[in-house]
Amino acid sequence: MEFTAKQIAEFVEGRVEGNENATVSDFAKIEEGKEGTLSFLSNPKYTHYIYETKSSIVLINEDVELEKPVEPTLIRVKNAYESVARLLQLYEQMKPKKTGVDTLAFVSPSAKIGKDVYVGPFTYIGDNVEVGDGTRIFPNVTIYEGCKIGKNVTIHAGTVIGADGFGFAPNQEGYAKIPQIGIVIIEDNVEIGANTCIDRSTMGQTIIHKGVKLDNLIQVAHNCEIGENTVMSAQAGLAGSTKIGAWCMVGGQAGFSGHIKVADKTFVGAQCGVIKDTKGNGETLIGSPAMDPKMFFKAKAIYSKLPDMYRQIAAMQREIDEMKKKLSSI
């Protein structure tokens, strides 16, 4: 389908600069734009592309001042990134959605599957699993017995939900396995990326609350809990019984020790190592072990000077030793 700049501007509550009858039928990154595509500019690093792009229409923030005329029609909006997200959501909604269980999937006869659910090929859904309405489960997903999946959940390919938690008790012969008899609960409107693993609890539940968005390749261990609307980037890992609050943001490769609590609205930077409870709402943490950014950068500045400091201390020690020798000979 084609849309005009005027139609798009009305939908995103924007203002057209240029030809309001310019049409687009697809999206493109601003640096790869071509005729008939819609692009957006929100990151100042990409501003120079607006003078080169062949896109027919570009969404741009209201406050951006351009140095010279541009070829594409512009649509000025308050937030170009949010506006293109709305348009992509509309585009996705217009695409026909698959429903039903693929013939190559296995669904246990005791599982309960809601309305308008899609189950992709080679997916396994175990005994007594519950899947809510409108949920999409892509190929090669495995959902172990007893787990509960809410409404409008998206689970991408290769994810495993409900495998045993990593529970072993040391004994004289090695390690005795601790049976993992709990389940996993995924609440409504959660999205889980490809090849993510969410382990069942030892007892009780591992819980992913509503609105959570998990990236690819994330490990959520047994008895963990992730609060509403928290987002987590790829390769993050949670040890057992970690409790993450609501509206947190977690960067890639961040790690969490077991049995700790992370407060609501905490920002955890990439490769951060969180080893204890966090202080409170709105805290930002970076580094490993995790610390306040100001402290981290002070420590980082000192760290780079450590070789010189070591040489200076060694020289001072030699001088002290020499002085001691001289004093002892008097």
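Keep in mind it's a predicted model, so treat the numbers as computed, not measured. (Residues numbered from 1 in each chain as written. Predicted model: local features only at pLDDT ≥ 70, side-chain atom pairs only at ≥ 80, totals over all residues. Heavy atoms only, no water.)

J.: Where do I start with the pattern of salt bridges in this structure?
T.: Applying the stated criterion across every chain, the model contains nine salt bridges. The residue E130 makes a salt bridge to K148 at a minimum N-O spacing of 3.2 Å. Separated by 18 residues along the polypeptide, E130 in strand β13 (residues 130-131) and K148 in strand β16 (residues 148-149) bring together distant segments of the chain. With relative accessibility at 30%, the residue E130 sits in the partly exposed group. (Salt bridge = Lys/Arg side-chain N within 4 Å of Asp/Glu carboxyl O. Helix = DSSP H or I, 4+ residues; strand = E, 2+ residues; numbered from the N terminus. Buried < 20%, exposed > 50% of the residue type's maximum accessible area, 1.4 Å probe, protein only.)

J.: Mind showing me how you'd approach the pairing of strand β6 (residues 57-61) here?
T.: Looking along a regular strand, one sees side chains alternate from face to face of the sheet. Burial runs high along β6: five of the five residues are buried. Taking every second residue as pointing to the same face, both faces of β6 are buried, with I57, L59 and N61 on one and V58 and I60 on the other.

J.: Help me understand the sheet that holds strand β10 (residues 112-113) in this model?
T.: For sheets, the rule is that strands pair by backbone hydrogen bonds, running either parallel or antiparallel. Taken together, the eight strands give an open sheet; going across it, the order is β10-β13-β16-β21-β24-β27-β30-β33, and neighbouring strands pair in parallel fashion. A single partner strand is all that each edge strand has here, and the edge strands are β10 and β33 (261-262). Judged from the two bridges that link them, β10 and β13 form a sheet pairing that is parallel. Across the sheet, the residue bridging to I113 is V131, located in β13. (Pairing = 2+ DSSP bridges.)

J.: Is there a simple way to explain the packing of aromatic side chains in this structure?
T.: Each aromatic ring pair is specified by the distance between its two centres and by the angle formed by the two planes. Scanning the entire structure with this criterion turns up seven aromatic pairs. Where Y118 meets F138, the ring centres are 6.0 Å apart and the plane angle is 70 degrees; that geometry is what we call edge-to-face. A residue pair is termed long-range when its members are at least 10 positions apart, and Y118 in strand β11 (residues 118-119) and F138 in the loop between β14 (136-137) and β15 (142-143) qualify at 20 residues. Judged by its relative accessible area of 9%, Y118 is buried. The ring of Y51 is capped by K68, whose NZ or CZ atom sits 5.1 Å from the centre of that ring. (Phe/Tyr/Trp six-rings, centres within 6.5 Å; stacked < 30°, edge-to-face > 60°. Lys NZ or Arg CZ within 6 Å of the ring centre and 35° of its normal.)

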